[in-house]
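Architecture and fold: a report
As a plain string of letters, each chain reads:
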Amino acid sequence: MIPQLVTVGRCRPDSRRRRLYVPVLPVLLVLSPLLLLAVPVGLVACHVTRVSPVGAVRGTGQLLCALPGTRIEIEQGRTAWLISVR
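Residues numbered from 1 in each chain as written. Predicted model: local features only at pLDDT ≥ 70, side-chain atom pairs only at ≥ 80, totals over all residues. Heavy atoms only, no water.

Looking at the layout of surface pockets
- By volume, the largest pocket amounts to about 560 Å³.
- Those elements giving two or more residues to the lining of the largest pocket turn out to be helix H1 (24–49) and helix H2 (53–66).
- With nine residues, the top contributor of residues to the lining of the largest pocket is H1.
- Considered class by class, the residues forming the lining of the largest pocket number 17 nonpolar, three polar and no charged.
- By volume, the second largest pocket amounts to about 210 Å³.
- Lining the second largest pocket, in full, are Gly9, Arg10, Cys11, Arg17, Arg18, Arg19, Glu73, Ile74, Glu75, Ala80, Trp81 and Leu82.
- Elements with a contribution of two residues or more to the lining of the second largest pocket: strand S1 (5–11), strand S2 (17–23), strand S3 (71–76) and strand S4 (79–85).
- A class-by-class count of the residues in the lining of the second largest pocket yields five nonpolar, one polar and six charged. (1 Å grid on protein atoms, 1.4 Å probe; cavity = no way out; pocket = protein on both sides within 12 Å on 5 of 7 lines; lining within 4 Å. Points joined across faces, edges and corners; volume = space filled by probe spheres on them. Helix = DSSP H or I, 4+ residues; strand = E, 2+ residues; numbered from the N terminus. Nonpolar A, V, L, I, M, F, W, Y, C, P; charged D, E, K, R; others polar.)

Below you can see the structure in the form of structure tokens.
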């Protein structure tokens, strides 16, 4: 299952929390023209590094399927970030 919603939370030093909900499908549709550029670049990178393009696509698909339920927490100084994939 491909993730459908990414939640990014930020805890600021003054203890205010901000949450941003990012729907994945609309973002992919907006960024789809960049995919037309990314595909040939990826094929060239696979050729240079001698990686099978089919294996690279399969690995990317497995990574996307494993993302739902992932939580990433980052703290730097007095600011903390929480990224959650649903």
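The discussion continues.
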